[in-house]
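# Residue-level structure breakdown
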Amino acid sequence: MEELYETGAVGLGASVCHERAGDGFFRIAAASPKIRVADVEGNAEAVLAEVRRAARAGVGALVLPELTLTGYTCADLFFDRVLLRSCERALERILTETRELPLLFTVGLPVPCGEALYNCAAVCCAGRLLGLTVKSNLPNYSEFYERRWFTPAPVNPVGFVSFAGQDGVPVGARIVYRCADAGMEDVRIGVEICEDLWVAAPPSTDMATVQGATIILNLSASDEIIGKSAYRRELVRTQSARLFCAYAYADASEGESTTDLVFAGENLVAENGSLLAQTPLFSCAAAVADVDLDRLMAERRRTTTWQRPAFARGGMQEVHFSFARACGAAGEGAEGEAAARCGAADSAEGTLALMRDALAIDRVFPPAPFVPADAGDLAERCEEILNLQAHGLATRLGHTGTKRAVIGLSGGLDSTLALLVTVRAFDLTGLDRTGITAVSMPGFGTTTRTKTNAQTLAESLGVDFREISIHKAVEQHFADIGHDPAVTDVTYENSQARERTQILMDLANSRGGFVIGTGDLSELALGWATYNGDHMSMYAVNASVPKTLVRHLVDYAAGAFGGTIEATLRDILATPVSPELLPPTGDGEIAQRTEDLVGPYELHDYFLYYLLRFGFAPGKIFRMACRSFAGAYDRETILAWLRVFYRRFFAQQFKRSCLPDGPKVGSVTLSPRGDWRMPSDASARIWLAEIDRLA
């Protein structure tokens, strides 16, 4: 069973400077120990073995199935005093033997309280019984008869009881267990039991929205029938999405009675709508995952509808706990895993080891977060984005009564995508494609390859094509402002970009149309656009599409068109990304390569996604990138381009503050009227200082 908890974490952390002890990752697990019905002592042994395995694997919170100590299928034996007393003694033993293990775990058992018998989750940590969470919703239909034995949790907390050798143990339905250790304030755990998830208003909803629980543990005994597994997974996944939480679900497994039912032990861990870990049916395996509490809190903070109601259904309780008790005990002389795991007798320093950084977790961060990994999903995403772009433009054409559009076509990726979108928009509205004027404006850096591709593409698509050289106009401009054309500086480059924009704007005026912007999201993030040059248009169709996705959109379109258009698009895809503002090499090839100057777009898009989408700190993004791009870039390269990204992102906000309109197609965009509002003169000092410390 030990291998069930093994992780794939890479050992890169030793050489990396950590800004803090963790990046907000916390390891949780759901497991199904093999039990025997009514064998309380034997089941306690199984629980202890599972808890110890989890502790060795660095798990911070472990959920075990419903009624773990007795088995869910005890039926009328639940009334037997011998069974009930054995459960209490077994729990006391479990608490004693786990006092030096720094993890929170649940044990399911029946608990008599006055005249009532409750189906409970005993929540344990470092030898302390934190509370007894009572099941609220008792199924009494189909194969379930829980009301025969148990009493539903009362609306208000029962109060405090003495149980398993401990006094003042809170008992109730809506208890949230909050870690009081420094640096672990986001570890807030709610517990519900089986059917509580299947009802219209699960207790976890209040636990999360009222008390801020970030992790929900569910002790379950869900029997297996045809089709139930898929439905169960969807319940867990969607509840985690609604609550912006991590949700761990432990199901009863081998050892339950098979008189009428079969239990398959499907264990699940979900986070914000994504299933991070699941076990095969009938495997008795553990589902283990490192959940990102930083990410969950970021989602809650940015979603203004995430509001705590003024009242909740029934009384609420909050119980504080500390992993430091175990770390302190381990530091006082305990041997083995607990001492090694805590790392220090000092409680604050020791417990912080439970909050993991991105280099010490078992989790994959896709290197292209904007691009679906599955080919089918990618094709669907590309079609959806092209439709969003095209319908946005079509609506703008209809609103303005415009039947003509002008676009600068360079033979590069961005202008190619903009032309494809414009063609689709004209087709949607029934306008003739000849109303689209694609303009090639060769300058000092234009190569034969890009110029030819632009013309071939435009003619193959059936749009109006024009070639207007900017050589003479820019040379005259150099003479007017007294610039030496032999000096290929920023003036040399930007004069060409602004001349092209002037041509497009005036041509649009003459034709009664408007200019289609071609710049993409990645260029806007880095400020890789000439202010009032290619930075400006009348409708920017690519403004929220990152460069890594632009490439896939063009590739998707190539496959859809076929023929000459596909061949041309394939060659455009193979052309180095360049503004072509500097003279070509002696053999006529592109001399100016964008990614040599500002860095790889795959890195910048990665940085951009995690900065804007979740507000992650540079250190966390860096450590995640080290995992995502291991083997592709070394840490020094990643760090260098991360610094470039932050420096340019802050310095170039003034360009984003006056962007033209454009359609939002994804969750990350930089429109100053929508998702990203930032002062143009904000200082990057504290972000750059953190990056410097990483070096």
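First things first, this report covers the structure right here in the doc. Bear in mind the structure is a predicted one, so any value in this text is a computation, not a measurement.

### Thoughts on the overall build of the protein chain
- Check the secondary structure of the protein chain and you find 23 helices and 20 strands.
- For the protein chain, the spread of C-alpha atoms along the principal axes amounts to about 100 × 55 × 45 Å.
- Relative to its 695 residues, the protein chain shows a buried fraction of 58%.
- Pairs at least 24 apart in sequence give 75% of the contacts found in the protein chain among residues at least 6 apart.
- Of the roughly 27,200 Å² that the protein chain leaves accessible, carbon and sulfur atoms contribute 50%.
- Taking the average place of the 66 positive charges on the side chains of the protein chain and the average place of its 86 negative ones, the gap between the two points comes to 4 Å.

### Details of the sheet that holds strand β1 (residues 25–30)
- Reading across the sheet, the 8 strands line up as β6-β7-β5-β4-β3-β2-β1-β14 and stay open at both edges, with mixed pairing between neighbours. Each having just a single partner strand, β6 (159–163) and β14 (287–292) make up the two edges of the open sheet. Strand after strand, the sheet turns through a mean of 35° between neighbouring axes, direction not considered.
- With 10 bridges connecting them, strand β3 (residues 104–113) and strand β4 (residues 116–125) associate as antiparallel partners. Its bridge partner being in β4, L104 is matched across the sheet by C125.
- Running at roughly 50° to β14, helix α6 (residues 293–302) makes contact with β1 and β14 of the sheet.

### Overview of the environment of Y177
- Structurally, Y177 is set in strand β8 (residues 175–179).
- For the pair Y177 and L130, spaced 47 residues apart in sequence, the C-alpha to C-alpha distance is 7.7 Å.
- When near neighbours in sequence (up to four residues on either side) are disregarded, Y177 contacts L104, V123, L130, G131, L132, T133, V187, R188, I189, V191, V319 and F321.
- A polar atom in the side chain of Y177 sits 2.9 Å from the side chain of T133.

### Considering the side chain of S253
- As for its position among the elements, S253 is in the loop between β11 (246–251) and β12 (268–271).
- If we ignore the near neighbours within four places in the chain, the residues touching S253 are S32, F263, A264, G265 and C284.

### Focus on the sheet that holds strand β16 (residues 405–408)
- A sheet is described by the order of its strands in space; here 5 strands give the open sequence β18-β17-β16-β19-β20, paired in parallel fashion. If you trace the sheet from one side to the other, it starts and ends with β18 (464–467) and β20 (539–540), each paired once.
- Looking at chain direction, β16 and strand β19 (residues 514–517) are connected through 2 bridges and run parallel. Bridge pairing in β19 places V406 opposite V515.
- On the sheet, helix α12 (residues 448–461) packs against β17 (436–440) and β18 and is oriented at approximately 155° with respect to β18.
- Sheet strands touched by helix α14 (residues 490–511): β16, β17, β18 and β19. Its angle to β16, the strand with the most contacts, is close to 160°.

### Some points on the packing of helix α16 (residues 547–561) against helix α17 (residues 563–574)
- Running from N to C, α16 and α17 cross one another at 160°; their axes reach a closest spacing of 7 Å. Here α16 is positioned roughly antiparallel relative to α17, judged by the angle of their axes. The crossing of α16 and α17 is left-handed. Two secondary-structure elements touch here, α16 through R551, V554, D555, A557, A558, G559 and F561 and α17 through G563, I565, E566, L569, R570 and L573.
- For the contact of α16 with α17, the residue count by class is 7 nonpolar, 2 polar and 4 charged.

### With respect to the side chain of N119
- With respect to the secondary-structure elements, N119 resides in strand β4.
- Taking the relative accessible area as the measure of exposure, N119 reaches 1% and is therefore buried.
- Polar side-chain contacts of N119 include one of 2.7 Å to the side chain of E66.
- When residues no more than four places from it in sequence are discounted, the contact partners of N119 are E66, L67, L109, T133, V134, K135, E146, F150 and I193.

### A word on the packing of aromatic side chains
- In this structure the tally under the stated criterion is 27 aromatic pairs.
- Here the aromatic rings of F244 and W306 are separated by 5.8 Å at their centres, their planes lie at 55°, and the arrangement is tilted. With F244 in the loop between α5 (228–243) and β11 and W306 in the loop between α6 and β15 (317–321), this pair connects stretches of sequence that are 62 residues apart. Across this residue pair, the class does not change: F244 and W306 are buried.
- Chaining the aromatic ring pairs together yields one cluster made of F370, Y606, Y609, Y610, F614, F616, F629 and Y633.
- Its guanidinium or amino end placed over the ring of F616, K620 lies 3.8 Å from that ring's centre, counting from NZ or CZ.

Parameters and conventions
Residues numbered from 1 in each chain as written. Predicted model: local features only at pLDDT ≥ 70, side-chain atom pairs only at ≥ 80, totals over all residues. Heavy atoms only, no water. Helix = DSSP H or I, 4+ residues; strand = E, 2+ residues; numbered from the N terminus. Buried < 20%, exposed > 50% of the residue type's maximum accessible area, 1.4 Å probe, protein only. Contact = heavy atoms within 4.5 Å. Areas by Shrake-Rupley, 256 points an atom, 1.4 Å probe, with all protein chains shown as cover. Lys, Arg positive; Asp, Glu negative; His and termini not counted. Charge placed at Lys NZ, Arg CZ, Asp CG, Glu CD. Pairing = 2+ DSSP bridges. Axes fitted to C-alpha atoms, helices over the stretch in contact; angles between N-to-C directions. Polar contact = N/O pair within 3.5 Å; in protein donor to acceptor, adjacent residues only side chain to side chain. Parallel < 35°, antiparallel > 145°, perpendicular 65-115°, else oblique. Left-handed = near helix turned anticlockwise from the far one by under 90°. Nonpolar A, V, L, I, M, F, W, Y, C, P; charged D, E, K, R; others polar. Phe/Tyr/Trp six-rings, centres within 6.5 Å; stacked < 30°, edge-to-face > 60°. Lys NZ or Arg CZ within 6 Å of the ring centre and 35° of its normal.

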